[in-house]
Protein chains: 2
Amino acid sequence: MSESAKRPALADLIDLLGTKWVMRILWELRENALTFRALQAACGGLSPSVLNHRLKLLETSRLVERQQSGYGLTDQGQSLMEVQKPLAQWAQRWQRSLT
Amino acid sequence: MSESAKRPALADLIDLLGTKWVMRILWELRENALTFRALQAACGGLSPSVLNHRLKLLETSRLVERQQSGYGLTDQGQSLMEVQKPLAQWAQRWQRSLT
DNA sequence: TATGGTTGCTACTGAATTCGTAGCATAGAC
DNA sequence: GTCTATGCTACGAATTCAGTAGCAACCATA
């Protein structure tokens, strides 16, 4: 085996998206940037320390960046939400099936 | 507003997928069913109590079910992984961009 | 019958994470 | 100066997770 763990890129992404609040934050930013406090409120008032941690994580992952109007998705972040769009339709069918 | 919170189905799904280990478990079951212990090992040896909780959660969500050979994805679970496939390509571009 | 292996799962302790709230420092607007 | 909004830190309490031990049921084989 080589020195680098050769972990599939998808596995890393799954870990990232599987971290609590990460998907939610991306989702809340999908349309427009939000201030720290607005984002906090959108996420149901999660604690600022956790939000801060997640924002740092998302910044180093190049999915979120600081903008004039607060925090917003990078182009890459936008493209991820684009790829995730089919998920919305799937979610509706799924919810109906749970009745 | 109506009596039910009318929370978008996608929001519920995001909450579910944002729960620790949930995406990972679905990912590990993507190709074939695994026994409880094999699944535990595939997830890097997470504690059986957490795995048990997540499996119960995924069962009530109709994404995972018990099969002869252990735990496997339901048809619905399979279809979710199908929808998520474009994520794999996106992940590769993303990882390259992080260098 | 009994011996051994696998499996699904519970129990328990300590470590890590998150929640919930208070509050500070900075930066405009008035 | 005062007021408001903003980004963020601090800290104790509550929750969750990690890590390990072990049990009961189910085979298979002898």
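Calculation rules
- Residues numbered from 1 in each chain as written.
- Chains lettered and ligands numbered in written order.
- Predicted model: local features only at pLDDT ≥ 70, side-chain atom pairs only at ≥ 80, totals over all residues.
- Heavy atoms only, no water.
- Near = heavy atom within 4 Å.
- Polar contact = N/O pair within 3.5 Å; in protein donor to acceptor, adjacent residues only side chain to side chain.
- Helix = DSSP H or I, 4+ residues; strand = E, 2+ residues; numbered from the N terminus.
- Nonpolar A, V, L, I, M, F, W, Y, C, P; charged D, E, K, R; others polar.

Novice: I'm lost on the protein's contact with DNA strand D in this one. Help?
Specialist: Taken together, the neighbourhood of DNA strand D is formed by 15 residues, with Phe36, Arg37, Asn52 and Tyr71 of chain A together with Arg54 of chain B sitting nearest. Sugar and phosphate atoms form 51% of the subset of DNA strand D atoms that lie within 4 Å of the protein. Between DNA strand D and the protein, one listed contact pairs a phosphate oxygen with a side-chain N or O atom of arginine 54 of chain B at 2.6 Å. The set of elements that each furnish at least two residues to the surface near DNA strand D consists of helix 3 (36-42), helix 4 (48-60) and strand 2 (70-73) of chain A together with helix 4 (48-60) of chain B. No other element matches the three residues that helix 4 of chain B contributes to the surface near DNA strand D. Split into classes, the residues belonging to the surface near DNA strand D amount to six nonpolar, four polar and five charged.

Novice: Explanation requested: the protein's contact with DNA strand C in the structure shown.
Specialist: Near DNA strand C you find 15 residues, and of these Arg54 of chain A together with Phe36, Arg37, Asn52 and Tyr71 of chain B are the closest. Protein-adjacent atoms of DNA strand C, using a 4 Å cutoff, are sugar or phosphate at a proportion of 51%. At a separation of 3.4 Å, a phosphate oxygen of DNA strand C approaches a polar side-chain atom of tryptophan 21 of chain A. Between DNA strand C and the protein, one listed contact pairs a phosphate oxygen with a side-chain N or O atom of tyrosine 71 of chain B at 2.3 Å. Taken together, the elements giving at least two residues each to the surface near DNA strand C come down to helix 4 of chain A together with helix 3 (36-42), helix 4 and strand 2 (70-73) of chain B. Counting residues per element, the surface near DNA strand C draws most heavily on helix 4 of chain A, at three residues.

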